[in-house]
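Chain by chain, the residues:
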Amino acid sequence: MATLKASEWSDITGHMRVNFPDLVRGWFSTLEPRGLEGGVLTVGAGNSSQVRYLAKHCRRPFVEAAQAATGMLVSVCFETDNPEPAPSLSLSFEQEFPELTLNSDYVFENFVTGPCNRLAHAAAIAVSEKPGRAYNPLFLHGDVGLGKTHLLQAVCHTIQTREPQQQASYISCETFTNHFIEAVEKGALNQFRYRYRHVGILVIDDIQFLAERERSQEEFFHTFNTLHQAQRQIIMSADCCPSEIPSLQERLVSRFNSGLVALMDRPCLETRMAIIRKKAKLRCIEVPEDVVKLIASEIKTNIRELEGALVKTDALSQTRDGIINHEIASEALGTTMNNHMVTIPSIIDRVSVHYGVRVSDLQSRKRTKSVVFPRQVCMYLGRELTKHSLGEIGGFFGGRDHSTVLHSSRLIKEARESDPQLNHALEEITTLLIRGQQTRGSL
Ligand code: ADP
Ligand code: MG
């Protein structure tokens, strides 16, 4: 078989890094060119999950890179010497109701822990070590981009490696409901039920998708019961806790609450910095500490955005001399930096004026009615308008804990929907806060 010149392979990987930084993963450095024959470049990967990732997301970019590097019309295929053991479920069920591909980066080693996610992480580890015996079900909830999918898939990876016979089945709730609808339409409910009620471990992401779906809830209730009675592990994630999923049947709420429910909160600065270091290492990007701190200080709510800022900084540096520094990072973050200007003290000031209460009372532990409500409004606005974590917001109000902040902001959110007067007041306060900040910002 013809081979590729070393310089051509390094041109291809270089092309990927510069032009498709979002797609590049840390393990790309372990890929190897196997040969170039009949216009097909074969690329060897470490395992099947990497091959699946490459085939699904990177085929076109690799073709573009290979053509640019060799000056020839080539196509690319991916292969591995380490295929996964064959699944023991009957192939037709697998074909009919396929699982989702696991992201090979979503493993425990790549997950950074901090006060925001320690309980969820510890529970996920425990469940991956003793499926069905530690906490069953395990229910993780938190805002978007805080690592729920990462932890769910990490459990699956661990089980696949340690106990492949356990058959961990990872699926999004949307896929579950789509499969269910399809099965009803095709008259294939038996296959569907066999498929879902015979898995070793059921991992369902974004279960809030069951909201308002009566029949899917009914079906899931029976799937849940069958697995739970057989002591099979069930793991779920959602963007809110079970009781807050709209129109979720009470019997499902109580079942979801019957194991361990763990909140994944927004990460604090130290955790965000550690995550950036970890992501940079995975992507083989060298980032100086002042840049790590800059990015982590600017992006507070969503780790996916944190990662995006790192990728953007790296891509921008590639258009210069390839070195990341404070200036380049500031440029990459430019648009983001102008967005988050409302602060908790400014919210407290504004709310104290609006409701005629003292700032010191809002920040105290006083529980009189005239103070409790405006304080809840502050917490709600803190959640809506700033990037602080629940714990950080609680810190401004007499050191209250995350659950108080979560509860308060949800109360106000609900009240706002049914009370036009409150809604109007909140809109007014928000406008003043944003305007006030813009005025100061433009001075
Ligand atoms: P969610 O499912 O909660 O919306 P994801 O699990 O998809 O969030 O996470 C979004 C991105 O952030 C992923 O790339 C994930 O690897 C990363 N991420 C989230 N939390 C962590 C963490 N604690 N350590 C490392 N990476 C994290
Ligand atoms: Mg997710």
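Our structure is the block above this text.
My aim in this report is to walk through the structure given alongside it, one point at a time. (Residues numbered from 1 in each chain as written. Chains lettered and ligands numbered in written order. Predicted model: local features only at pLDDT ≥ 70, side-chain atom pairs only at ≥ 80, totals over all residues. Heavy atoms only, no water.)

### Digging into helix H5 (residues 148-162)
Taking 1.5 Å of rise per residue, 15 residues should cover 21 Å, and H5 covers 21 Å from first to last C-alpha, within 8% of that figure. By the burial criterion, the buried members of H5 are Lys148, His150, Leu151, Leu152, Gln153, Ala154, Val155, Cys156, His157, Thr158 and Ile159. (Helix = DSSP H or I, 4+ residues; strand = E, 2+ residues; numbered from the N terminus. Expected span 1.5 Å × (residues − 1). Buried < 20%, exposed > 50% of the residue type's maximum accessible area, 1.4 Å probe, protein only.)

### Considering the site of ligand 1
In the vicinity of ligand 1 there are 18 residues, among which Val112, Gly145, His150, Arg304 and Glu307 approach most closely. Within the backbone of valine 112, an N or O atom sits 2.7 Å from a nitrogen atom of ligand 1. Protein coverage of the free-state accessible area of ligand 1, which is 560 Å², stands at 96%. For the shell around ligand 1, the elements supplying multiple residues, two or more each, are H5, helix H10 (269-282) and helix H12 (303-318). Looking at the shell around ligand 1, its residues break down into 7 nonpolar, 6 polar and 5 charged. Each of domain 2 (93-263) and domain 3 (269-337) accounts for three or more of the residues forming the shell around ligand 1. (Near = heavy atom within 4 Å. Polar contact = N/O pair within 3.5 Å; in protein donor to acceptor, adjacent residues only side chain to side chain. Areas by Shrake-Rupley, 256 points an atom, 1.4 Å probe, with all protein chains shown as cover. Nonpolar A, V, L, I, M, F, W, Y, C, P; charged D, E, K, R; others polar. Domains from an automatic or database assignment.)

### Section: unusual backbone geometry
Along the chain, asparagine 136 connects to proline 137 via a cis peptide bond; the corresponding omega equals 0°. With respect to the helices, strands and loops of the structure, proline 137 is situated in the loop between helix H4 (118-129) and strand S4 (138-142). Even without glycine at this site, aspartate 206 takes up a positive phi of about 55°. Within the secondary structure, aspartate 206 sits in the loop between strand S6 (201-205) and helix H8 (214-229). Positive phi values are uncommon outside glycine, yet glutamate 212 reaches one of about 65°. Mapped onto the elements, glutamate 212 comes out in the loop between S6 and H8. The class of glutamate 212 is exposed, set by a relative accessible area of 56%.

### Remarks on the state of the cysteines
Under the criterion given, the structure shown has 0 disulfides. The thiol of cysteine 268 is not disulfide-bonded; the next cysteine sulfur, from cysteine 116, is found 6.0 Å away. Here cysteine 284 stays unpaired: no disulfide links it, and the sulfur of cysteine 58, its closest cysteine neighbor, is 15 Å away. Taking the relative accessible area as the measure of exposure, cysteine 284 reaches 45% and is therefore partly exposed. (Disulfide = S-S within 2.5 Å.)

### Some points on the sheet that holds strand S3 (residues 75-80)
Overall, mixed pairing links the 3 strands, which are arranged S1-S2-S3 in an open sheet. Only two strands of the sheet have a single neighbouring strand rather than two, namely strand S1 (32-37) and S3. Within the sheet, the average angular offset between the axes of one strand and its neighbour, ignoring direction, is 25°. As defined by bridge partners, S1 adjoins strand S2 (residues 40-45) across 5 bridges and the pair is classed as antiparallel. Across the sheet, leucine 36 pairs through a bridge with leucine 41, a residue of S2. Strands S2 and S3 of the sheet are contacted by helix H2 (residues 48-70), whose axis makes an angle of about 160° with S3. (Pairing = 2+ DSSP bridges. Axes fitted to C-alpha atoms, helices over the stretch in contact; angles between N-to-C directions. Contact = heavy atoms within 4.5 Å.)

### Quick look at the pairing of strand S5 (residues 168-172)
Burial runs high along S5: 5 of the 5 residues are buried. With burial as the criterion, each face of S5 is covered, one bearing Ala168, Tyr170 and Ser172 and the other bearing Ser169 and Ile171. For S5 and S6, the ladder comprises 5 bridges, and the chain directions are parallel. Paired with tyrosine 170 across the two strands is valine 203, which belongs to S6.

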